[in-house]
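Below are the chains, spelled out letter by letter.
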Amino acid sequence: MDRSRRSNQLILVTGASGYVGGRLVPALEDRGARIRCLARNPSFLANRFSNRTEVVAGDVLDPDSLTAALAGVDTAYYLVHSMGSRADFEEQDRLGARNFARAARERGVRRMIYLGGLIGDGELSPHLASRLEVGRILASEGPPTLEFRASIIIGSGSLSFELLRSLVNKLPAMVTPRWVRTPAQPIAIDDVVAYLTHGLDLDEEGSAVFEIGGPRQVTYGELMREYARQIGVRRVMIPVPLLSPRLSSLWLGLVTPVYARVGRKLVTSLRNETVVRDAGALKRFPVRPLGVGEAIARALREEDREMSRTRWSDAVSSSGRGPLWGGKRFGSRIVDRQQAVVRAEPARAFAPIQRIGGSRGWYFANWLWALRGAADLLVGGVGMRRGRRHPVDVRPGDPLDFWRVEAFEPGRLLRLQAEMKVPGRAWLQFEVEPAEEGSRVTQTAVFDPLGLGGLLYWYGLYPVHWLIFRGMLRGISRRADSRRP
């Protein structure tokens, strides 16, 4: 089938709320494809993709919900896994794959495309064994299946990258267990998405498996050293000959965003070599994967530019119970989000936000802002003396007191990146959207702590931050409701 004809075919994506799926859908949209996403909670995908992409309710564990979702589908991407589930994830993966494969075959789906994991010799971890079993179930019980097998995926927000950056950022010296020396073949998320999209164009009869990875093999320890080099820090690694999945997962849960349930499954997988043994993918697809250094550099650039388009924790199955105080953890970042509804149309609700800072002030406890600016000056920071370039006009790149404008969309969005001295990185974002009663104002503070000092700073000052953030939002709301600019 030629590409022009295939572009008219309907594509179903499962797992669109997850890390890879959330990157794949926009890439398919760029191709002009007709896309339908399957989601247990369609509201979770609201406004994430273009209005041309259809979102339907369904669950691979509920066979009856798949019949309508697969109607008219030419190619279906299977990107579902249950590693974050509290239940028996192997049985859930097995059942979901069987339900989906049978329903796809009955509805006449031409092909399925699946992302699995690279496997090595020896006894597989439960996670990798489950990924292998899912691929076999899809190929044997469903339509012809194109399976890509990948190792560590590097990209802003990926589980592996969050683990990597948290370990390096927080631990000047680390006792490294055996899995840190296991060979792997990391691949950049953009290259994974490229392989998945090019899978639509492959003329292949029957099922096929392709191993994908970067240009060379590295250990996880080498990955940490490369990340440390790129961010300009030095780290000491002290190897030990032990590997206790339980102890390692609890340790990861303390110093990284990987909570113990996922950490235990992840560590047992890292003991297996995940390297490419068959280079057939390089011959069949026009993808030339990035090297490890460039993949990490791209992830760092993207993280700063977009604060990550998707994260491993976006997936519904990965959500754990967050802290009840101090903000919600998303990956390594701490997020404090507050909302208010005002009786004003979005343009008027956004007016106070557009004028914030400088001589106008911050709508609450300006003396505290001035005190924070004075403290910043004492430690060599920029303080509050810069003010703002214009009382109303805002442009990306403008200084704004001890912030800098990172993004601005008139009437909708203002995002500021902190330039004061803090043990980490911080952002303050305001969004306005229409609501039934007028407009909804969302104020989000994001802090990416650096080491123990960063955590002590955030949680130690959180009562003050909470008071300021809450008062600031109230002040903005009053201005909007009173029609004052």
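Data block above holds the structure.
Note that the coordinates shown come from a computational prediction; the quantities given were computed from them, not determined experimentally.

A. The environment of valine 240, seen in detail. Relative to the helices and strands, valine 240 resides in the loop between strand E13 (236-239) and helix H9 (245-255). Note on valine 240: relative accessible area 25%, which makes it partly exposed. Separated by 64 residues in sequence, valine 240 and threonine 176 place their C-alpha atoms 6.0 Å apart.

B. Region of interest: the pairing of strand E19 (residues 424-435). With 5 bridges joining them, strand E18 (residues 413-418) and E19 adopt antiparallel strand pairing. Bridged to glutamine 417 within E19 is tryptophan 427. Both E19 and strand E20 (residues 438-449) contribute to a ladder of 12 bridges, which runs antiparallel. Among the inter-strand pairings, tryptophan 427 is bridged to a residue of E20, identified as valine 446. Where E19 folds back onto E20 in an antiparallel hairpin, the turn is made up of 2 residues.

C. Main features of the packing of helix H4 (residues 89-106) against helix H5 (residues 126-141). Contact pair H4 / H5: the axes reach a minimum separation of 9 Å and the direction vectors enclose 15°. When the axis of H4 is compared with that of H5, the two are roughly parallel. Considering how the two elements wind past one another, H4 and H5 form a crossing that is right-handed. For the pair H4 and H5, contact is made by Phe89, Glu90, Asp93, Arg94, Ala97, Arg98, Ala101, Arg102 and Arg105 and by Pro126, His127, Ser130, Arg131, Glu133, Val134, Ile137, Leu138 and Glu141, respectively.

D. Expanded view of the packing of aromatic side chains. By the definition in use, this model includes 16 aromatic pairs. Where phenylalanine 210 meets phenylalanine 285, the ring centres are 5.0 Å apart and the plane angle is 85°; that geometry is what we call edge-to-face. Pair noted here: phenylalanine 210 is in strand E11 (residues 208-212) and phenylalanine 285 is in the loop between helix H11 (280-284) and helix H12 (292-306), with a separation of 75 residues, a long-range link. Here phenylalanine 210 and phenylalanine 285 have matching classes, each one buried. Consider the rings of phenylalanine 447 and tryptophan 458, whose centres lie 5.7 Å apart with planes at 10°: the pair is stacked. With phenylalanine 447 in strand E20 and tryptophan 458 in helix H15 (residues 451-481), this residue pair connects regions lying 11 residues apart in the sequence. Like tryptophan 458, phenylalanine 447 is buried. Ring pairs connect the aromatic residues Phe148, Tyr195, Phe210 and Phe285, which therefore count as one cluster.

E. Structural view of the packing of helix H13 (residues 346-354) against H15. Axis separation between H13 and H15 bottoms out at 8 Å; the angle between their running directions is 130°. Classified by the angle their axes make, H13 and H15 are oblique. Between H13 and H15 lies a crossing of right-handed hand. Two secondary-structure elements touch here, H13 through Arg348, Ala349, Pro352 and Ile353 and H15 through Ile476, Arg479, Ala480 and Asp481. A class-by-class count of the residues in the contact of H13 with H15 yields 5 nonpolar, no polar and 3 charged.

What counts and how
- Residues numbered from 1 in each chain as written.
- Predicted model: local features only at pLDDT ≥ 70, side-chain atom pairs only at ≥ 80, totals over all residues.
- Heavy atoms only, no water.
- Helix = DSSP H or I, 4+ residues; strand = E, 2+ residues; numbered from the N terminus.
- Buried < 20%, exposed > 50% of the residue type's maximum accessible area, 1.4 Å probe, protein only.
- Pairing = 2+ DSSP bridges.
- Axes fitted to C-alpha atoms, helices over the stretch in contact; angles between N-to-C directions.
- Parallel < 35°, antiparallel > 145°, perpendicular 65-115°, else oblique.
- Left-handed = near helix turned anticlockwise from the far one by under 90°.
- Contact = heavy atoms within 4.5 Å.
- Phe/Tyr/Trp six-rings, centres within 6.5 Å; stacked < 30°, edge-to-face > 60°.
- Nonpolar A, V, L, I, M, F, W, Y, C, P; charged D, E, K, R; others polar.

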